[in-house]
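Structural characterization, general
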Amino acid sequence: YFVVVDSHTGDTGTFTVSIDEVVIPPGENCAGVGAAGGPASIPLTVFPDGGATATLTVDNTGYANDTTSSSAGACIGVGTGPDRVYRLDLPAPTASIHASLTPNSGSTLDPILSIRPGPCNDLSSSGELACDYDSSGLPVSIVTGAASGTVYVWVDGYGGSVGPATLNITIP
């Protein structure tokens, strides 16, 4: 990168240039894995029978609202809160994915949960494997149909809500 300072009138003198680094947090957008802001990976515990599970704390506080009702599918478009995206690499093709999102104690999150196949930024309703929201702040849970490869788990907030929650994923 280059910073050029010039004067259209020919004036000279000293000046100060300030540059602030903007750090894009993981899960802010659909940039490639490992890229700034790209989806954070969900660590799975895989069992000998082929099943897998994951439990992690998620939080959409401080993130941007990247989805709107005109750009998003079945239920994630109702979320006007910040959204966060996670990458889930399935260890093998599966008949279903079970997921739940429960607001943590004291959280103001009214949860919206969506699971989508790639590409990550396909927000059309045809791209949703499953989605659920509850406008009263209760836990939400979804079960997808068959899936394989990489899917994306979107956490959003109804009515602009934010806060920490516990995400549970089970692959039977």
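Just above sits the structure.
The structure contained in this document is the topic of the report that follows. (Residues numbered from 1 in each chain as written. Predicted model: local features only at pLDDT ≥ 70, side-chain atom pairs only at ≥ 80, totals over all residues. Heavy atoms only, no water.)

1. Side note on the overall build of the chain
The helix and strand inventory of the chain stands at 0 helices and 10 strands. Order of helices (α) and strands (β) in the chain, N terminus to C terminus: β-β-β-β-β-β-β-β-β-β. Relative to its full complement of 172 residues, the chain shows a buried share of 39%. Counting only contacts in the chain whose residues sit at least 6 apart along the sequence, the fraction spanning at least 24 positions is 72%. (Helix = DSSP H or I, 4+ residues; strand = E, 2+ residues; numbered from the N terminus. Buried < 20%, exposed > 50% of the residue type's maximum accessible area, 1.4 Å probe, protein only. Contact = heavy atoms within 4.5 Å.)

2. Describing the pattern of salt bridges
For the structure shown, the criterion picks out 2 salt bridges. A salt bridge links Arg87 to Asp89, with the nearest nitrogen and oxygen atoms 2.9 Å apart. The partner of Arg116 in a salt bridge is Glu128, with the nearest N and O atoms 2.9 Å apart. Remark: Glu128 occurs in the loop between strand S6 (111-117) and strand S7 (130-133) and Arg116 occurs in strand S6; sequence separation between them is 12 residues. (Salt bridge = Lys/Arg side-chain N within 4 Å of Asp/Glu carboxyl O.)

3. Here we look at the environment of Gly145
Structurally, the position occupied by Gly145 is in the loop between strand S8 (140-143) and strand S9 (150-157). The spacing of Gly145 and Ser96 is 49 residues in sequence and 4.8 Å in space, taken between C-alpha atoms. The residues contacting Gly145, other than those within four sequence positions of it, are Ala95, Ser96 and Ile97.

4. Focus: the sheet that holds strand S10 (residues 164-171)
Strand order in the open sheet formed by 5 strands is S2-S3-S10-S5-S8, with antiparallel pairing between adjacent strands. The sheet is open, and its two borders are formed by strand S2 (45-46) and S8, each paired with just one other strand. One ladder, built from 2 bridges, connects S2 with strand S3 (residues 52-59); its direction is antiparallel. Within S3, the position partnered with Val46 by the bridge is Ala52. (Pairing = 2+ DSSP bridges.)

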